[in-house]
Amino acid sequence: MFLKPQKRKFFRHVNSNPAGQLLEIGVGNGAHLRHYSSHRVTGIDTSIRMLNAAREHAAGNINLLQMDGEKLLFRDESFDYVVLSHVIAVVKDPDRLIGEVLRVLKPGGKVFILNHFTPDNLLGTADRMFSRVSRLLHFRSSFGMSSLDMQRFQLLSEINADPLSYFKILTYEKKL
């Protein structure tokens, strides 16, 4: 429930870009799919249960497939956009995910990331203390983009998605 305002802001940002082929990795239950306004969306998830729930929210411009974001079955340079919403901190190998995003994204294509990022304040201290427990729950509570290889991308924008700057919306462009 506390993610809804961030998601609305995120999808406004995504939809402000021209219509195109968009891949959303980790589509989950798809409750947010109605927020896509003009893109042709391919949503993937590893969980068939989540995809079945997402199908209830999918309109005609949305195709849902069971697939692992770390082993995408799409051709190189297939998508104009890739969306990673609260996904990058829960995959086993974030660098492999980013490598696959790079591969399927067209030159000049954009990747939109909405995720928590550990700040350098009291909240960050709590985040780091919780990190052992979070691993048992299969996500990284302490997370920063500096640990990822983003050299083939250019950062276009960084938007705080909440007042504490814990959640950020990052937009990267694949370098030509």
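Look above for the structure.
Nothing here was measured: the structure is a model prediction, and the numbers come from that model.

1. Observations concerning the sheet that holds strand β7 (residues 167-174)
- Pairing in this open sheet of seven strands is mixed, and the strands run β3-β2-β1-β4-β5-β7-β6 from one edge to the other. What marks the edges here is a single partner per strand, and that holds for β3 (62-66) and β6 (153-160). Neighbouring strand axes in the sheet, compared pairwise and without regard to direction, differ in orientation by 20° on average.
- In the sheet, strand β5 (residues 105-116) pairs with β7 via seven bridges, with the strands oriented antiparallel. Considered in β7, the bridge of phenylalanine 112 is made with threonine 171.

2. Re the side chain of threonine 171
- By the element assignment, threonine 171 lies in strand β7.
- On the basis of relative accessibility, which here comes to 3%, the residue threonine 171 falls in the buried class.

3. Looking at the environment of isoleucine 159
- As for its placement among the helices and strands, isoleucine 159 is situated in strand β6.
- Sequence separation between isoleucine 159 and leucine 170 is 11 residues; the distance between their C-alpha atoms is 6.5 Å.

4. Some words on the environment of lysine 92
- Tracing the backbone through its elements, the reader meets lysine 92 in the loop between β4 (79-85) and α3 (94-104).
- Classification of lysine 92 by relative accessible area gives exposed; the value is 80%.
- On a C-alpha basis, the gap between lysine 92 and glutamate 70 in space is 8.5 Å, while along the polypeptide they are 22 residues apart.

5. So, the packing of aromatic side chains
- Inspection of every chain in the model, using the stated rule, returns five aromatic pairs.
- Ring centres of phenylalanine 10 and phenylalanine 11 lie 5.4 Å apart, and the angle between their planes is 70°; on these two criteria the pair is classed as edge-to-face. Considered together, phenylalanine 10 and phenylalanine 11 belong to a single accessibility category, that of buried residues.
- On the basis of an interplanar angle of 70° and a centroid distance of 6.3 Å, the ring pair of phenylalanine 153 and tyrosine 172 is categorised as edge-to-face. Taken as a pair, phenylalanine 153 in strand β6 and tyrosine 172 in strand β7 lie far apart in primary sequence, 19 residues in all. Tyrosine 172 carries the same exposure label as phenylalanine 153, and that label is buried.
- Aromatic rings pair up to connect Phe10, Phe11 and Tyr36 into one cluster.

6. A word on the pattern of salt bridges
- With the rule as written, the count across this model stands at four salt bridges.
- A salt bridge links aspartate 80 to lysine 106, with the nearest nitrogen and oxygen atoms 3.2 Å apart. Taken together, the residues span a long stretch of sequence, with aspartate 80 in strand β4 and lysine 106 in strand β5 at a distance of 26 residues.
- Note that lysine 168 is salt-bridged to glutamate 158, the shortest N-O span being 3.4 Å. Linking lysine 168 in strand β7 with glutamate 158 in strand β6, this pair joins segments that are 10 residues apart in sequence.
- Judged by its relative accessible area of 16%, lysine 168 falls in the buried class.
- What makes glutamate 158 partly exposed here is its relative accessible area of 48%.
- Because the salt bridges share partners, they merge into one network encompassing Asp76, Glu100 and Arg103.

7. Observations concerning unusual backbone geometry
- Notably, glutamate 77 is not glycine yet its phi reads approximately 55°, a positive angle.
- The topology assignment puts glutamate 77 in the loop between β3 and β4.
- Positive phi outside glycine occurs at histidine 86, with the angle close to 55°.
- As for its position among the elements, histidine 86 is in the loop between β4 and α3.

The rules behind the values
- Residues numbered from 1 in each chain as written.
- Predicted model: local features only at pLDDT ≥ 70, side-chain atom pairs only at ≥ 80, totals over all residues.
- Heavy atoms only, no water.
- Pairing = 2+ DSSP bridges.
- Helix = DSSP H or I, 4+ residues; strand = E, 2+ residues; numbered from the N terminus.
- Axes fitted to C-alpha atoms, helices over the stretch in contact; angles between N-to-C directions.
- Buried < 20%, exposed > 50% of the residue type's maximum accessible area, 1.4 Å probe, protein only.
- Phe/Tyr/Trp six-rings, centres within 6.5 Å; stacked < 30°, edge-to-face > 60°.
- Salt bridge = Lys/Arg side-chain N within 4 Å of Asp/Glu carboxyl O.

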